[in-house]
Amino acid sequence: MTDDSLAALSRRLQRLEDERDIAALIASYGPLVDSGSADDVSELWTEDGVYDVDELCLDGADAIRAMVRSPAHQRWIADGCAHFVGPAKITLTGDDAIAVCHSLMVVNTVDGFVVRRATANHWHLERQDEGWRVVRRTSRVLDGRTESPDLLAAGAHGRRLGPVDRAQE
Amino acid sequence: MTDDSLAALSRRLQRLEDERDIAALIASYGPLVDSGSADDVSELWTEDGVYDVDELCLDGADAIRAMVRSPAHQRWIADGCAHFVGPAKITLTGDDAIAVCHSLMVVNTVDGFVVRRATANHWHLERQDEGWRVVRRTSRVLDGRTESPDLLAAGAHGRRLGPVDRAQE
Amino acid sequence: MTDDSLAALSRRLQRLEDERDIAALIASYGPLVDSGSADDVSELWTEDGVYDVDELCLDGADAIRAMVRSPAHQRWIADGCAHFVGPAKITLTGDDAIAVCHSLMVVNTVDGFVVRRATANHWHLERQDEGWRVVRRTSRVLDGRTESPDLLAAGAHGRRLGPVDRAQE
């Protein structure tokens, strides 16, 4: 019985550790992308992970690395930029997890700091040998398009997204 | 002694799990309210829970559900809106908890995204048979009114609010 | 073996508890500073802790307490102000920890709420007899100055800052 009890405690601990790891991964995204740490950003995803964002769909870690190194992204850093990612609500199911959160892109302009966009984020993560990695992050600007509230609802309920939820408008 | 040790570990685990559950509840509020998930929002509260916000006091889960379904709230969603809730500091005491955090309401306008309000949030939660629920959320805009800093202080110290702290100006 | 197993579980728990304590400390900063809780803010730091922020370097808990009590800070509170601190990514190493996060200073003005600054934050904390305390918080506005991305990268990698990283421009 004691062995069973120990195993049960260890499983509860493992769940908290998994959630801690996922929260830490998501909390590291903003600091890494705003410091231009291209390799580190790309390594948050699996090798064939996807970052599906409004205006583009980055397919694979190489494409994500290239986005961070792009002149457009480097320009945001040079001018001053915060990818401010909120606390995520995480739904863990074994080796699979769904997380949902808001994010703000705050940029420095000649008129001071402005919120360039507020975004709905749906994260699908999987446990790999080397730890948790993002399989697909789907982000949509909260500008009234219907898929943004849809992905918030799916994320809050711990559901994966179907193709319809990610439709480009 | 081993049984005692196991019980002590289990109690420490329980505390972390409770705090995780409360943080997840608070982190789910924004995604649920911005997706118009009226039933889910109302179920974060107890049946007679209160959402005491500047301009109105919603008394009971039914009133909270109706707020999410109201034309005014649906209009925010249709135009684009983020209820961005920050990480909460939680003070747990048995079956009772106080949490405090900031929130921003960021809305999409014809002139781009603007911060409509920055708000102080004081959460009082209780453990129910079905898990943690909000007994009272008290929110006041940080526009210089004195009860907003007061409720931040109370929340950071893990104190409940008295009627005075919630005075309407 | 059971004693070893119990000790191993306890160590894993201790780590989660440490990270919880550090996250709670950081989450309490905003509510405490926006409520003018000068003593409480200063007690987040060690007695000789440092708050190294762009325009000034506060050396010791007394200087931090005086900052909160200053007419300039009290003015922010009187007008309405949110020091909105994001979720931190924490790297724990025994009795030492590095945390990194963004923060927004949102202020109430005659033209409504505006983001006055978006800031990169690097926290160095140490375990004291009375719990975790800040040894040095280094904050730089994300306005294009190079040390701001540098300290985000250092924080995300769990590295301490050297003098160069903190250079004033």
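Heads up: the structure comes first, above all this text.
None of these values were measured; they are calculated from a predicted model.

A.B. asks: Before we move on, can you summarise the pattern of salt bridges with the specific residues and values?
C.D. replies: Scanning all chains against the criterion turns up 51 salt bridges over all chains. A salt bridge links Arg160 of chain A to Asp96 of chain A; the nearest nitrogen and oxygen atoms lie 3.1 Å apart. With Arg160 of chain A in the segment after helix 5 (147-156) and Asp96 of chain A in strand 5 (residues 96-109), this residue pair connects regions lying 64 residues apart in the sequence. Taking relative accessible area as the criterion, Arg160 of chain A reaches 51% and is therefore assigned exposed. Residue Asp96 of chain A is classed as buried on the basis of its relative accessible area, which comes to 17%. Several salt bridges share partner residues, and in doing so they unite Arg15 and Glu19 of chain A together with Arg20 and Asp21 of chain B into one network.

A.B. asks: Quick rundown of the interface of chain C and chain A? Include the residues and the values.
C.D. replies: Listed as interface residues are 32 residues of chain C and, on the opposing side, 35 residues of chain A. For the pair chain C and chain A, the two sides together bury roughly 2500 Å², of which 73% comes from carbon and sulfur. One can count two salt bridges joining chain C with chain A. The closest approach of N and O atoms between Arg20 of chain A and Glu19 of chain C, which form a salt bridge, is 2.7 Å.

A.B. asks: Before we move on, can you summarise the interface of chain A and chain B with the specific residues and values?
C.D. replies: Put simply, an interface is often sized by how much accessible area is lost when its parts join up. Across the contact, 32 residues belong to chain A and 35 residues belong to chain B. Taken over both partners, the interface formed by chain A and chain B buries close to 2500 Å², and the fraction arising from carbon and sulfur atoms is 73%. For the chain A face of the interface with chain B, the top three residues by lost area are Arg12, Leu16 and His102 of chain A, together amounting to 23%. Our count for the contact surface shared by chain A and chain B stands at two salt bridges. The shortest N-O distance in the salt bridge between Glu17 of chain B and Arg12 of chain A comes to 2.9 Å. On the surface where chain A and chain B come into contact, there are six residue pairs in polar contact (both at pLDDT 80 or more). Contributing elements (two or more residues each) for the side of chain A that touches chain B: helix 1 (2-34), strand 3 (81-85), strand 5, strand 6 (112-128) and helix 5 of chain A. A total of nine residues in the side of chain A that touches chain B trace back to one element, the largest contributor, which is helix 1 of chain A. Considered class by class, the residues forming the side of chain A that touches chain B number 18 nonpolar, seven polar and seven charged.

A.B. asks: Let's hear about a negative patch on the surface: which residues, and what values?
C.D. replies: A contiguous patch of negative charge on the surface is contributed by Glu43, Glu47, Asp48 and Asp59 of chain A. Secondary-structure assignment places Glu47 of chain A in strand 1 (residues 45-53).

A.B. asks: Explain helix 3 (residues 61-69) of chain C to me, and be specific about the residues and the numbers.
C.D. replies: Taken together, the buried positions of helix 3 of chain C are occupied by Ala61, Ile64, Arg65, Met67 and Val68 of chain C. One side of helix 3 of chain C holds all its buried residues, which, seen down the axis, span an arc of 155 degrees.

A.B. asks: Can you break down the packing of aromatic side chains residue by residue, with the values?
C.D. replies: Overall, the coordinates contain 18 aromatic pairs over all chains when judged by the stated rule. Look at Trp45 of chain B and Trp123 of chain B: their rings are 6.4 Å apart centre to centre, the planes differ by 35 degrees, and that puts the pair in the tilted class. A residue pair is termed long-range when its members are at least 10 positions apart, and Trp45 of chain B in strand 1 (residues 45-53) and Trp123 of chain B in strand 6 (residues 112-128) qualify at 78 residues. Residue Trp45 of chain B shares its accessibility class with Trp123 of chain B, and that shared class is buried. Taken together through their ring pairs, the aromatic side chains of Tyr29, Trp45, Tyr51 and Trp123 of chain A make up a single cluster. Over the face of the ring belonging to Tyr29 of chain B we find Arg137 of chain B, whose NZ or CZ atom lies 4.5 Å from the ring centre.

A.B. asks: Please give an account of the side chain of Asn121 of chain B that cites residues and values.
C.D. replies: Residue and element names in this part refer to chain B. Structurally, Asn121 is set in strand 6. Judged by relative accessible area, which is 0%, Asn121 ranks as buried. Among the polar contacts listed, one links the side chain of Asn121 to the side chain of Arg137, at a separation of 2.7 Å. Residues within four places of Asn121 in sequence aside, it is in contact with Ala99, Val100, Cys101, His102, Ser103, Arg137, Thr138, Ser139, Leu151 and Leu152.

A.B. asks: Tell me about the relation of the copies chain C and chain A, residues and numbers included.
C.D. replies: Between the two chain copies there is a screw-like relation: a rotation about an axis and a shift along it. Here chain C sits on chain A after a turn of 120 degrees about the axis and a move of 0.0 Å along it, with an RMSD of 0.0 Å. Put plainly, the chains are arranged around a three-fold axis.

A.B. asks: A description of the nonpolar core should follow, citing residues and the corresponding values.
C.D. replies: Nonpolar side chains tend to gather and get buried jointly when the protein is soluble and globular. Judged by nonpolar contacts, the single largest core of 126 residues is most densely connected at Tyr29 and Leu104 of chain A, Tyr29 and Leu104 of chain B together with Tyr29 and Leu104 of chain C. In this structure, Leu104 of chain C is in contact with Phe84, Leu104 and Val106 of chain A, Leu104 of chain B together with Ala82, His83, Phe84, Val115, Arg117 and Ala118 of chain C, ignoring residues within four places of it in sequence. Among the nonpolar cores identified, the runner-up in size contains twelve residues, and Leu9, Leu13 and Leu16 of chain A together with Leu13 of chain B belong to it.

A.B. asks: Explain the packing of helix 5 of chain A against helix 1 (residues 2-34) of chain B residue by residue, including any values.
C.D. replies: The interhelical angle for the contact between helix 5 of chain A and helix 1 of chain B, taken along N-to-C directions, is 140 degrees, at an axis separation of 8 Å. Comparing their axes, helix 1 of chain B and helix 5 of chain A come out oblique. In this structure, helix 5 of chain A meets helix 1 of chain B at a crossing whose hand is left-handed. Contacts between helix 5 of chain A and helix 1 of chain B involve Pro149, Leu152 and Ala156 of chain A from the first element and Pro31, Leu32 and Asp34 of chain B from the second.

Parameters at a glance
- Residues numbered from 1 in each chain as written.
- Chains lettered and ligands numbered in written order.
- Predicted model: local features only at pLDDT ≥ 70, side-chain atom pairs only at ≥ 80, totals over all residues.
- Heavy atoms only, no water.
- Salt bridge = Lys/Arg side-chain N within 4 Å of Asp/Glu carboxyl O.
- Helix = DSSP H or I, 4+ residues; strand = E, 2+ residues; numbered from the N terminus.
- Buried < 20%, exposed > 50% of the residue type's maximum accessible area, 1.4 Å probe, protein only.
- Contact = heavy atoms within 4.5 Å.
- Buried area = accessible area lost by both parts, 1.4 Å probe.
- Polar contact = N/O pair within 3.5 Å; in protein donor to acceptor, adjacent residues only side chain to side chain.
- Nonpolar A, V, L, I, M, F, W, Y, C, P; charged D, E, K, R; others polar.
- Patch = residues over 30% accessible without salt bridge, like charges linked within 9 Å, V, L, I, M, F, W, Y side chains within 5 Å.
- Areas by Shrake-Rupley, 256 points an atom, 1.4 Å probe, with all protein chains shown as cover.
- Lys, Arg positive; Asp, Glu negative; His and termini not counted.
- Charge placed at Lys NZ, Arg CZ, Asp CG, Glu CD.
- Arc of directions from axis to C-beta.
- Phe/Tyr/Trp six-rings, centres within 6.5 Å; stacked < 30°, edge-to-face > 60°.
- Lys NZ or Arg CZ within 6 Å of the ring centre and 35° of its normal.
- Least-squares fit on C-alpha atoms with pLDDT ≥ 70 in both.
- Core = buried A, V, L, I, M, F, W, Y, C linked by side-chain atoms within 4.5 Å.
- Axes fitted to C-alpha atoms, helices over the stretch in contact; angles between N-to-C directions.
- Parallel < 35°, antiparallel > 145°, perpendicular 65-115°, else oblique.
- Left-handed = near helix turned anticlockwise from the far one by under 90°.

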